[in-house]
Protein chains: 2
Amino acid sequence: MLTDFNRLKVFYTIYRYKSAAAAAKELYISQSAVSQSLGKLEQELKTQLFVRMHKKLVPTAAAGRLYEIVEPFVRGLEGGLAWLEAEKAGPRGMLRIGAPVEFGSRNLVEFIAAFRRRHPAVFFEVSLGHPDMLLPRLAAGELDLVFADIFPGRGAKSLPPFAVSTVIAEKLVLACSAGYHSARLRGTITPAALAGCEFLDYSHGRPALDNWFRHHYDKSLPGLKVVLTVESVQAILNGIKGGLGLGIVPEYLVEKELKAGSVWAVRTGRPELINRISLVRLKGKAASPAEKAFLENY
Amino acid sequence: MLTDFNRLKVFYTIYRYKSAAAAAKELYISQSAVSQSLGKLEQELKTQLFVRMHKKLVPTAAAGRLYEIVEPFVRGLEGGLAWLEAEKAGPRGMLRIGAPVEFGSRNLVEFIAAFRRRHPAVFFEVSLGHPDMLLPRLAAGELDLVFADIFPGRGAKSLPPFAVSTVIAEKLVLACSAGYHSARLRGTITPAALAGCEFLDYSHGRPALDNWFRHHYDKSLPGLKVVLTVESVQAILNGIKGGLGLGIVPEYLVEKELKAGSVWAVRTGRPELINRISLVRLKGKAASPAEKAFLENY
DNA sequence: ATCATTGCTTAAGTAACACTTATGCTTACA
DNA sequence: TGTAAGCATAAGTGTTACTTAAGCAATGAT
């Protein structure tokens, strides 16, 4: 690679003015410095860049070629720096956000819509997926912030470089349809009574169910009949309504149905399990105005 | 503009490795120097570019943007420098040549065709026109070399920054058709006899005719009847053959016709006027291998 | 758990080199 | 012919980028 990029800056200026004296004035250095810098560059490239004529430096073909490389760069740089300045001045620019599928396509998009009404110069790039996929991307600098629904069990301790703050705490209920309930769960609810039922969960390790049982009964029930595994709250909800069995869903999603009696939720006397949606950022990363505005409002 | 371009080179290397230590190794400087350079750049931009994490530098969005500007530049630069190297190694690349219309579209193009058979990596950009238009472009570095038919009268002294060498010396004759001759020029040829004839010239100052008369009779004849002015040797030639009158043409173009007797040329006893086609280059400009090869063969 | 390793940062000293001042040369223009 | 403008070169100086060294934090192995 070229040893000294600064000489290119001098070259660029000389080329524009076809004059060392004019370049010196623009660069706030002496004409001699410009001349020396050009000489060094020519030596370095072992190529003549200008023909010295009286009161004028005439570019050679090589100089023309070099200028065509340097010119778009300088222009791009000026534009880019101006953009950085603008981003520091107020909320604008791109925000790259990761979020769980359901939360991202529901709450987050709604919030973004509201946010953009106040800050139309901010635009978004949302990546939906598991925190397991999202957090490494955050750590690699590909995302600015990530929403993660980290269950109390795992996570937490294995994330030293992250700054975590809870934004939403939604109650999780174990629910089934009224029909399923009246058919399979008459009488008081006990772990033993539940053990014979059909269940729905989000992935094959049944993390949601295990978590719920540990919270409410201090133990997980092995050998549950998980009849449906699907990575979608909406799908689980539909399964519940269709009488497939019992599944974990955010309580606010079934509020109407619970009141109407079409859906029934297991109550154990203990407070409901809380699903904390956390906002994760890289520890030590300065927040841009756009990011600040986003964080303040959430 | 940015004060120090060299820091961008360091930034570029850091970004590629996401590591200051690796960048230091590649740049053959200490890791500390890399760290300091990055710090200076961030200060200069007043923007955080990397989040310092253990054994890793994680780029921010701003760094990504900056990289997208710098990266194509570095790649373009590498390509461009490789090209310069290649051009120095052997005859290749672009040659920008200026020439008079007739010479350029006839002799020059023929020569280029032969030249390219030996050096297929050399390509050409030919500008046709008056030396008056071409030489300033040569002086401005827009052309590498110019063929010029400079009449002895002017030129020569007003071109101090140019290096001139004659490449072709063609005899110019004042000719007319056999029919025109027998009808209008019986007997011995004198200036007085010629004065009553019709003439053809290349431009309205009748430079060719004046030049010819000064050479052969040491004076120019004012008030000549110039019945056709056209900037084309071929057109003049056709005019002569058509019996329009007398015109100046290169002797070799009418050699056959002179021998056959269909065209007749004025002979004064003096040696013929010589039209020197000169090759003009910028004094002090180093010739590329392609240019060298071109000059050697001409 | 503890220790060794790795990588980044900061501080201080040094060495390199870019810049300035000064001079001379060339050319254009009055 | 003289003067002014522009570039090149030389010598000296000043800035600053770099090196060396120490400190800190996080990781992974024993």
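Residues numbered from 1 in each chain as written. Chains lettered and ligands numbered in written order. Predicted model: local features only at pLDDT ≥ 70, side-chain atom pairs only at ≥ 80, totals over all residues. Heavy atoms only, no water.

1. A word on the overall build of chain A
Point 1. Helices and strands together make up the secondary structure of chain A, namely twelve helices and eleven strands.
Point 2. Against the globule reference of 19 Å for 298 residues, chain A gives a C-alpha radius of gyration of 31 Å, more extended than a compact globule.
Point 3. When the 298 residues of chain A are sorted by exposure, 48% land in the buried category.
Point 4. Within chain A, contacts between residues separated by at least 24 positions form 71% of all contacts whose residues are at least 6 apart in sequence.
Point 5. Surface summary for chain A: the accessible area is close to 14,300 Å², and the carbon and sulfur share equals 55%.
Point 6. Looking at chain A, you have 39 positive and 28 negative side-chain charges, and the mean spots of the two groups are 4 Å apart. (Helix = DSSP H or I, 4+ residues; strand = E, 2+ residues; numbered from the N terminus. Rg over C-alpha atoms; globule rule 2.2 N^0.38 Å. Buried < 20%, exposed > 50% of the residue type's maximum accessible area, 1.4 Å probe, protein only. Contact = heavy atoms within 4.5 Å. Areas by Shrake-Rupley, 256 points an atom, 1.4 Å probe, with all protein chains shown as cover. Lys, Arg positive; Asp, Glu negative; His and termini not counted. Charge placed at Lys NZ, Arg CZ, Asp CG, Glu CD.)

2. Structural notes on the relation of the copies chain B and chain A
Point 1. Once chain B is rotated about the relating axis by 180° and shifted along it by 0.0 Å, it coincides with chain A to within an RMSD of 0.2 Å. Expressed as an axis order, the relation between the two copies is that of a two-fold axis. (Least-squares fit on C-alpha atoms with pLDDT ≥ 70 in both.)

3. Section: the protein's contact with DNA strand C
Point 1. DNA strand C sits among 19 residues. The nearest are Ser30 and His54 of chain A together with Gln31, Ser35 and Arg52 of chain B.
Point 2. Counting only atoms of DNA strand C within 4 Å of the protein, the fraction found in sugar and phosphate groups is 57%.
Point 3. Note that a phosphate oxygen of DNA strand C is positioned 3.3 Å from one of the side-chain N or O atoms of arginine 7 of chain A.
Point 4. Of all elements in the fold, only helix H3 (31-45) of chain A together with helix H2 (20-27) and helix H3 (31-45) of chain B reach the threshold of two or more residues within the surface near DNA strand C.
Point 5. Partitioned by chemical class, the residues of the surface near DNA strand C number four nonpolar, ten polar and five charged. (Near = heavy atom within 4 Å. Polar contact = N/O pair within 3.5 Å; in protein donor to acceptor, adjacent residues only side chain to side chain. Nonpolar A, V, L, I, M, F, W, Y, C, P; charged D, E, K, R; others polar.)

4. Overview of the pairing of strand E4 (residues 122-128) of chain A
Point 1. Pairing of strand E3 (residues 93-99) of chain A with E4 of chain A involves seven bridges; the strand directions are parallel. Opposite glycine 98 of chain A, over in E4 of chain A, you have serine 127 of chain A as the bridge partner. (Pairing = 2+ DSSP bridges.)

5. Topic: the protein's contact with DNA strand D
Point 1. Taken together, 20 residues are adjacent to DNA strand D, and Gln31, Ser35, Arg52 and Lys55 of chain A together with Ser30 of chain B come closest.
Point 2. Backbone atoms, meaning sugar and phosphate, form 56% of the atoms of DNA strand D found within 4 Å of the protein.
Point 3. At 2.9 Å, a side-chain N or O of serine 32 of chain A approaches a base oxygen of DNA strand D.
Point 4. The residue inventory of the surface near DNA strand D, partitioned by class, reads five nonpolar, ten polar and five charged.

6. So, the environment of threonine 13 of chain A
Point 1. For threonine 13 of chain A, the position within the fold is in helix H1 (residues 6-17).
Point 2. Filtering out sequence-adjacent residues up to four positions away, threonine 13 of chain A remains in contact with Ala23, Glu26 and Leu27 of chain A.

7. Looking at the side chain of histidine 119 of chain B
Point 1. Within the secondary structure, histidine 119 of chain B is located in the loop between helix H5 (101-118) and strand E4 (122-128).
Point 2. Not counting residues within four places of it along the chain, the set of residues in contact with histidine 119 of chain B comprises Pro91 and Ala293 of chain B.

8. Topic: helix H2 (residues 20-27) of chain A
All names here are of chain A.
Point 1. Among the residues of H2, Ala20, Ala23, Ala24 and Leu27 are the ones counted as buried. Projected onto a plane normal to the axis of H2, the buried residues spread over an arc of 105° and lie on a single side.
Point 2. Check the buried side of H2 and you find it contacts H1, H3 and strand E2 (56-59).
Point 3. One side-chain oxygen of the residue at the start of H2 lies 3.3 Å from the amide nitrogen of alanine 21, identifying that residue as serine 19. (Arc of directions from axis to C-beta.)

9. Observations regarding the domain arrangement of chain A
It is common to give the size of an interface as the accessible area that goes away when the parts come together.
Residues and elements named next belong to chain A.
Point 1. If you check the domain split of chain A, you get domain 1 (6-89), domain 2 (93-169 + 276-297) and domain 3 (170-274).
Point 2. Residue-level contacts link nine residues of domain 2 with eleven residues of domain 3.
Point 3. Here domain 2 and domain 3 share an interface that buries about 950 Å² over both sides, 53% of which is from carbon and sulfur atoms.
Point 4. In this structure, the connection of domain 2 to domain 3 is made through two residue pairs in polar contact (both at pLDDT 80 or more).
Point 5. Of all elements in the fold, only helix H5 (101-118) and strand E6 (162-177) reach the threshold of two or more residues within the side of domain 2 that touches domain 3.
Point 6. If one sorts the elements of the side of domain 2 that touches domain 3 by residue count, H5 sits on top with three residues.
Point 7. Considering only residue class, the side of domain 2 that touches domain 3 consists of four nonpolar, two polar and three charged. (Domains from an automatic or database assignment. Buried area = accessible area lost by both parts, 1.4 Å probe.)

10. Some points on the interface of chain B and chain A
Point 1. Chain B puts 47 residues into the contact, and the matching count from chain A is 46 residues.
Point 2. Buried surface at the junction of chain B and chain A, summed over both partners, amounts to about 4,100 Å²; 68% is from carbon and sulfur atoms.
Point 3. Looking at the side of chain B facing chain A, the largest losses of area belong to Met1, Phe5 and Phe73 of chain B, adding up to 16% of the total buried there.
Point 4. On inspection of chain B and its partner chain A, the count reaches two salt bridges.
Point 5. One salt bridge connects glutamate 87 of chain A with arginine 65 of chain B, and the closest N-O pair in it is separated by 3.1 Å.
Point 6. The interface formed by chain B and chain A includes 17 residue pairs in polar contact (both at pLDDT 80 or more).
Point 7. Only helix H1 (6-17), strand E1 (50-53), strand E2 (56-59), helix H4 (61-89) and helix H6 (131-139) of chain B provide two or more residues apiece to the side of chain B that touches chain A.
Point 8. By residue number, the principal contributor to the side of chain B that touches chain A is H4 of chain B, which donates 18 residues. (Salt bridge = Lys/Arg side-chain N within 4 Å of Asp/Glu carboxyl O.)

11. Quick notes on helix H4 (residues 61-89) of chain A
Point 1. Here H4 of chain A spans 42 Å end to end across 29 residues, near enough to the 42 Å set by a 1.5 Å rise per residue.
Point 2. Its maximal kink placed at tyrosine 67 of chain A, H4 of chain A deviates by approximately 25°. (Expected span 1.5 Å × (residues − 1). Bend = angle between axes of the 7 residues up to and from the residue.)

12. A few points about the pattern of salt bridges
Point 1. Under the definition given, this model contains 38 salt bridges over all chains.
Point 2. Across the pair glutamate 291 of chain B and arginine 281 of chain B runs a salt bridge, and its minimum N-O distance is 2.4 Å. One end of the pair, glutamate 291 of chain B, is in helix H12 (residues 289-297); the other, arginine 281 of chain B, is in strand E11 (residues 273-282), with ten residues separating them in the sequence.
Point 3. Using a relative accessible area of 3% as the deciding quantity, one classes glutamate 291 of chain B as buried.
Point 4. Each member of the salt-bridge network shares a partner with another, and the members are Arg96, Asp144, Arg281, Lys285 and Glu291 of chain A.

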